[in-house]
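Inside the fold
Okay, here's what each chain looks like letter by letter:
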2 protein chains.
Amino acid sequence: MESSIAIEALSALAHPGRIAVFRLLVRAGAEGAPAGDIARALDTPANTMSAQLAILTRAGLIRSRRESRSIIYTADYPQIAALLGFLMEDCCQGRPEICAPVAAMAACCPSPAEKAQ
Amino acid sequence: MESSIAIEALSALAHPGRIAVFRLLVRAGAEGAPAGDIARALDTPANTMSAQLAILTRAGLIRSRRESRSIIYTADYPQIAALLGFLMEDCCQGRPEICAPVAAMAACCPSPAEKAQ
DNA sequence: TCCATATTTCCATTATTATAGAAATATAGA
DNA sequence: TCTATATTTCTATAATAATGGAAATATGGA
């Protein structure tokens, strides 16, 4: 991942309204949520929410699809993973115990390989 | 983690100079690096670097210790893990495959439990 | 004490970003 | 076609952040 891409994503997240939107969508999973529902849930005017969703979209963190009159937003999980990977690149340097806290954080999401064990 | 804490950390990272410092320190491990070395490595004036280090420190992402005339900076791994955890909180919702890309990102850092297997 | 090195603080200029009212656009249904 | 709903775009004002020169502070050694 390019540094400039990561910075755009981090800038997008570094805002009280937008991080709330992001976390709502991370929790919402693949179904996502329509713009209006998000605006109501976070008690934000529709045009302000529209700007926030546009910024998160341009940053690659979320995606949208139209469904009838609504626009449904979803988290872009692979892109999010790429951002986290960029932040922690080469964190181990042969001593995994250094960044063990990071691995522990990810323990909620066992990989398919780990689930098979 | 409080939302305001996460925003301060993300704001600190959302900057070309500061994310370069952050990643340099993530790679540097527990030994860290002195301010002057970091400034030289990233070709940044000492006062500008000082401001950048201060912002990352205030955001809780890095720590410093004095060693003779130098100030050594290190990444604060537990705090970083807490930030990543905040971003991905409740990402699974009973369906771990949704955020599998995130788990795959963390595969470089097997936890002690995983290493024992 | 005096000097060199390492880092930080002060400051002013310049540039970027946030907010929401009002208007515009898109879709669906009567 | 007309109306209601859903969302976005346009716009101006207000607030915040980045940069690096110059000066200040802290440490160690002669």
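First, a word on what this report is: a plain description of the structure on this page.

Attention now goes to the sheet that holds strand β3 (residues 70-75) of chain A. All names here are of chain A. Here 3 strands make up an open sheet; going across it, the order is β1-β3-β2 and the pairing antiparallel. Because the sheet does not close on itself, it has two edges, and the strands there are β1 (33-34) and β2 (62-67). Direction of pairing for β2 relative to β3: antiparallel, over a ladder of 6 bridges. Its bridge partner being in β3, R63 is matched across the sheet by T74.

Spatial ordering of the open sheet is given by β1-β3-β2 (chain B), a layout of 3 strands whose pairing is antiparallel. Two strands lie at the open edges of the sheet, namely β1 (33-34) and β2 (62-67) of chain B, each paired on one side alone.

Another aspect to go through is helix α2 (residues 16-28) of chain A. All names here are of chain A. End to end, α2 covers 18 Å across 13 residues, agreeing with the expected 18 Å (1.5 Å per residue, within 8%). By the burial criterion, the buried members of α2 are G17, R18, I19, V21, F22, R23, L25 and V26. Looking one or two residues beyond α2, the residue adopting positive phi is G29, at roughly 70°.

For DNA strand D, the set of nearby residues contains 19 residues, the closest of which are G36 and Y73 of chain A together with H15, N47 and R69 of chain B. Each atom of DNA strand D within 4 Å of the protein was classed as base or backbone; sugar and phosphate made up 65%. H15 of chain B is positioned with one of its side-chain polar atoms (N or O) 2.9 Å from a phosphate oxygen of DNA strand D. In the model, a phosphate oxygen of DNA strand D is placed 3.0 Å from a nitrogen or oxygen of the R18 of chain B side chain. Every element with two or more residues in the surface near DNA strand D is listed here: α3 (35-41), α4 (46-58) and β3 of chain A together with α4 (46-58) of chain B. For the surface near DNA strand D, a count of residues per class yields 6 nonpolar, 9 polar and 4 charged.

For the structure on display, the rule yields 0 aromatic pairs over all chains. Looking at R23 of chain A, its charged tip hangs above the ring of F86 of chain B, at a distance of 3.7 Å from the centre.

Residue and element names in this part refer to chain B. With respect to the helices, strands and loops of the structure, D37 is situated in helix α3 (residues 35-41). Since its relative accessible area comes to 39%, D37 is described here as partly exposed. C-alpha separation for the pair D37 and I72, spaced 35 residues apart in sequence, amounts to 9.5 Å. Looking at D37, its side chain comes within polar contact range of the side chain of R40, at 3.0 Å.

Residues and elements named next belong to chain B. Despite not being glycine, S68 has its phi angle at roughly 60°, a positive value. One can find S68 in the loop between β2 and β3 (70-75). When its relative accessible area of 66% is taken as the criterion, S68 is described as exposed.

For the rest of this paragraph, the subject is the environment of L87 of chain A. Relative to the assigned elements, L87 of chain A resides in helix α5 (residues 77-87). With a relative accessible area of 3%, L87 of chain A lands in the buried category. For L87 of chain A and S3 of chain A, which are 84 residues apart along the polypeptide, the C-alpha to C-alpha distance reads 9.7 Å. Apart from the residues within four sequence positions on either side, L87 of chain A is in contact with L10 of chain A together with L13, I19, F22, R23, V26 and L84 of chain B.

Procedures and definitions
Per chain, the residues get numbers from 1 upward, laid out in the order the sequence is written. Key to labels: chains lettered from A, ligands numbered from 1, both in the order written. Side-chain atom pairs in this predicted model are given and counted only at pLDDT of 80 or more, local residue features only at pLDDT of at least 70, and totals for whole chains, interfaces and linings cover all residues. Each side-chain value is worked out from all heavy atoms of the structure, with water and hydrogens disregarded. Two strands are counted as paired when DSSP detects at least two bridges linking them. Helix and strand definitions here come from DSSP, where helices need a minimum of 4 consecutive H or I residues and strands a minimum of 2 consecutive E residues; each element is numbered from the N-terminal end. What a helix should span is 1.5 Å times the count of its residues minus one. Under the scheme applied here, a residue whose accessible area is under 20% of the maximum for its type counts as buried, over 50% as exposed, and between as partly exposed, the area being computed with a 1.4 Å probe on protein chains only. Near is defined per residue: the residue qualifies when any heavy atom it owns lies within 4 Å of the molecule or strand. A 3.5 Å cut-off defines polar contacts: any pair of N or O atoms within that distance qualifies, except that in protein one atom must be a possible hydrogen donor and the other a possible acceptor, and neighbouring residues in sequence count only when both atoms are side-chain atoms. Residue type decides the class: Asp, Glu, Lys and Arg count as charged, Ala, Val, Leu, Ile, Met, Phe, Trp, Tyr, Cys and Pro as nonpolar, and the leftover types, Gly among them, as polar. Aromatic rings from Phe, Tyr and Trp, taking only the six-membered ring of Trp, are treated as a pair when their centres fall within 6.5 Å; an angle between ring planes under 30 degrees marks them as stacked, one over 60 as edge-to-face, and anything in between as tilted. In this scheme, the term charge over a ring applies when either NZ of a lysine or CZ of an arginine sits within 6 Å of the ring centre and within 35 degrees of the ring normal. The contact definition used throughout considers only heavy atoms, calling two residues in contact when any of these lie within 4.5 Å.

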